[in-house]
Amino acid sequence: MSHFKRLIIRAPKYIWYLFCLVIFYPIGRIAKVLFPKYRGVWIVSERGSDARDNGYHFFKYIRENHPEIKAYYIIEKKSADYHKVAKLGNIVKYKSLKHHFLFAVSDYKISSHIFGYSPDVLSYNRFQKLGLIKGKLVFLQHGIIVNDIEWMFYPKTKLDLFVCGARPEYEAVIKRYGYPSGVVKYLGLCRYDALNKPCVLKNRILLMPTWRIDVCAVGNRDKFTQSEYYRKLQSFINNQNLIDYLDKNDLELVFYPHFEIQRFLKDFHSVSPRVIIASFNDYDVQELLMNSKMLITDFSSVFFDFAYMGKPIVYYQFDDIHYAHGYFDYGRDGFGPVLKTEDEVINYLAEKVNDGFLVDDMYKARAETFFEIRDDNNCERNFNAILSL
């Protein structure tokens, strides 16, 4: 689909959201003059549909440690996480009139996804380029950046605070992304505070690959099930050697497809009850990361969380993803071996079971160097950095 055609299709949305901006900005200015409670408002979100990432952990920190801050969390009422975050108070329904009003009136707009705090990412990204967005824009990050993401380069995207979670990532963003001095800061990811807490490990292996742009762009179930991506993963979770090994060692394998692949969840199935195909609504990814003994992934940046906790990782890269190459090389910098076949992955799993899931010294040293900051003060550092804006 051409760029012009996409603009035509989205034109009604652009017009509606621009109308909301035009209406609510003057209303917000008046409200801030007349009512002190609308001064210094912070809005926090992720994608508007969830609360299990850096946005949620940051909001929880504010509500529990700085109740004086007028912070509101933006989330859909139908979200599986709605009631969890509602317990903290100050929750606002995504895309509601109150959301539009608070977006206009807020002095700080904070999210784990760029423009996740807005009623519509694409529309408000365009409005920002036109200079129509007011307030400080804070990007808490969804995960540590692996490759160059050109649409995040300045001035394609403009931010007041760009949070990094590791020293090499911070240095790469400073060098390549072009933001003004002081915008990019190495503060640590907010959700890492929870990763430092004690956790009971289960006899669980986590399989968590990332998505594929070309596969998701298809949108057609028949074409999806014909893709190499689907066939490789479906084959892996039904590999008889894997299933026999799970049975023999009383292990379970939790296959947690990426958020963008969840709509195809029903197309995956396994002959073994020890293979759990996990839905977004029923499983919290951070809990899975914390209570699993080993991670099998491909290119998903979630492996950084696992490395941060000092647990074994294997990269099952059965295909190639052609991203703009960044500072991180899986073979040179990765925290586990890069393997291409099912049998190699299963053999490595057997090695890890036999050695008690120890991390090889080389990979342990890489992780210790990569994460210069290891403490439970990430939310506090993020909070103080936002105050300093």
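Right above here is the structure, for reference.
Predicted, not measured: the structure shown is a model, and the values here were computed from it. (Residues numbered from 1 in each chain as written. Predicted model: local features only at pLDDT ≥ 70, side-chain atom pairs only at ≥ 80, totals over all residues. Heavy atoms only, no water.)

1. With respect to the overall build of the protein chain
What the protein chain contains, in helices and strands, is 17 helices and 13 strands. On C-alpha atoms alone, the protein chain measures out to a radius of gyration of 22 Å, which is about the 21 Å that the 2.2 N^0.38 rule sets for 389 residues. Based on the C-alpha atoms only, the size of the protein chain along its principal axes is roughly 70 × 45 × 40 Å. A burial count over the protein chain gives 55% of its 389 residues as buried. Put simply, of all contacts in the protein chain between residues at least 6 apart along the chain, 68% involve residues at least 24 apart. Carbon and sulfur atoms form 54% of the exposed surface of the protein chain, whose accessible area is close to 17,800 Å². (Helix = DSSP H or I, 4+ residues; strand = E, 2+ residues; numbered from the N terminus. Rg over C-alpha atoms; globule rule 2.2 N^0.38 Å. Buried < 20%, exposed > 50% of the residue type's maximum accessible area, 1.4 Å probe, protein only. Contact = heavy atoms within 4.5 Å. Areas by Shrake-Rupley, 256 points an atom, 1.4 Å probe, with all protein chains shown as cover.)

2. Some remarks on the side chain of Asp120
For Asp120, the position within the fold is in the loop between strand 4 (108–111) and helix 5 (121–129). A polar side-chain atom of Asp120 sits 2.5 Å from a polar atom in the side chain of Arg10. Contacts of Asp120, omitting those with residues within four sequence positions, involve Arg10, Tyr17 and Lys95. (Polar contact = N/O pair within 3.5 Å; in protein donor to acceptor, adjacent residues only side chain to side chain.)

3. Topic: the state of the cysteines
Tallying each qualifying case throughout the model produces zero disulfides. With no disulfide of its own, Cys379 lies closest to Cys190 among cysteine sulfurs, the gap being 4.0 Å. (Disulfide = S-S within 2.5 Å.)

4. Structural notes on the packing of helix 11 (residues 240–248) against helix 15 (residues 342–354)
At their nearest, the axes of helix 11 and helix 15 sit 10 Å apart, and the two run at 15° to each other. Relative to helix 15, the element helix 11 lies roughly parallel. Between helix 11 and helix 15 the crossing geometry is left-handed. Across from Asn241, Leu242 and Tyr245 in helix 11, the residues of helix 15 making contact are Asp343, Ile346, Leu349, Ala350, Val353 and Asn354. The residue inventory of the contact of helix 11 with helix 15, partitioned by class, reads six nonpolar, two polar and one charged. (Axes fitted to C-alpha atoms, helices over the stretch in contact; angles between N-to-C directions. Parallel < 35°, antiparallel > 145°, perpendicular 65-115°, else oblique. Left-handed = near helix turned anticlockwise from the far one by under 90°. Nonpolar A, V, L, I, M, F, W, Y, C, P; charged D, E, K, R; others polar.)

5. Quick notes on a positive patch on the surface
Judged by side-chain charge, Arg6, Arg126, Lys129 and Lys156 come together as a positively charged surface patch. Position of Lys156 relative to the elements: it lies in the loop between strand 5 (136–139) and strand 6 (161–164). (Patch = residues over 30% accessible without salt bridge, like charges linked within 9 Å, V, L, I, M, F, W, Y side chains within 5 Å. Salt bridge = Lys/Arg side-chain N within 4 Å of Asp/Glu carboxyl O. Lys, Arg positive; Asp, Glu negative; His and termini not counted. Charge placed at Lys NZ, Arg CZ, Asp CG, Glu CD.)

6. A few points about the sheet that holds strand 9 (residues 252–255)
In space, the six strands of this open sheet follow the order 10-9-8-11-12-13, with parallel pairing throughout. Where the open sheet ends on each side, the last strands, each with one partner, are strand 10 (275–277) and strand 13 (338–339). Relative to strand 10, strand 9 is paired through three bridges, and the arrangement is parallel. Paired with Phe255 across the two strands is Ile277, which belongs to strand 10. (Pairing = 2+ DSSP bridges.)

7. What about the environment of Arg39?
Residue placement: Arg39 occurs in the loop between helix 1 (3–34) and strand 1 (41–45). The exposure class assigned to Arg39 is partly exposed, which follows from its relative accessible area of 38%. The spatial distance from the C-alpha of Arg39 to the C-alpha of Leu389 is 16 Å, given a sequence separation of 350 residues. Not counting residues within four places of it along the chain, the set of residues in contact with Arg39 comprises Lys32, Val33, Lys70 and Asp107. From its side chain, Arg39 meets the backbone oxygen of Val33 in a polar contact 2.9 Å long.

8. Considerations on helix 2 (residues 54–65)
Between its first and last C-alpha atoms helix 2 spans 16 Å; for twelve residues at 1.5 Å apiece the expected length is 16 Å, and the two agree. Among all positions in helix 2, only Asn54, Gly55, Tyr56, His57, Phe58, Phe59, Tyr61 and Ile62 are buried. (Expected span 1.5 Å × (residues − 1).)

9. Overview of the environment of Phe24
On the secondary structure map, Phe24 appears in helix 1. The sequence separation of Phe24 and Val105 amounts to 81 residues, and the corresponding C-alpha distance is 8.0 Å. Residues within four places of Phe24 in sequence aside, it is in contact with Leu97, His100, Phe101 and Ala104.

10. Comments concerning a nonpolar patch on the surface
On the surface, Trp16, Phe19, Ile23 and Ile27 cluster together to form a nonpolar patch covering roughly 380 Å² of accessible area. Mapping Trp16 onto the fold places it in helix 1. With relative accessibility at 42%, the residue Trp16 sits in the partly exposed group.

11. What to know about the pattern of salt bridges
Scanning all chains against the criterion turns up 21 salt bridges. The partner of Asp267 in a salt bridge is Arg221, and the shortest N-O contact between them spans 3.0 Å. Here the residue Asp267 occupies a position in the loop between strand 9 and strand 10, and Arg221 occupies one in helix 9 (residues 221–226), the gap between them amounting to 46 residues. With its nearest N and O atoms 3.9 Å apart, the salt bridge here joins Asp320 to Lys340. Taken together, the residues span a long stretch of sequence, with Asp320 in the loop between strand 12 (313–316) and helix 14 (330–333) and Lys340 in the loop between strand 13 and helix 15 at a distance of 20 residues. For Asp320, a relative accessible area of 55% corresponds to the exposed category. Look at Lys340 and you get partly exposed, because its relative accessible area is 45%. What emerges from the salt-bridge pattern is a single network uniting Asp53, Arg191 and Asp305.

12. Notes on the pairing of strand 11 (residues 294–297)
Taking every second residue as pointing to the same face, both faces of strand 11 are buried, with Met294 and Ile296 on one and Leu295 and Thr297 on the other. Here strand 8 (residues 204–207) runs beside strand 11; their pairing, made up of three bridges, is parallel. Residue pairing across strands places Leu207 opposite Ile296, the latter belonging to strand 11. The pairing of strand 11 with strand 12 spans three bridges and is parallel. Note that in strand 12 the partner of Leu295 across the bridge is Ile313. After leaving strand 11, the chain enters helix 13 (residues 303–308) and then returns to the sheet as strand 12, a path that is right-handed. (Right-handed = clockwise from strand over helix to strand, strands pointing away.)

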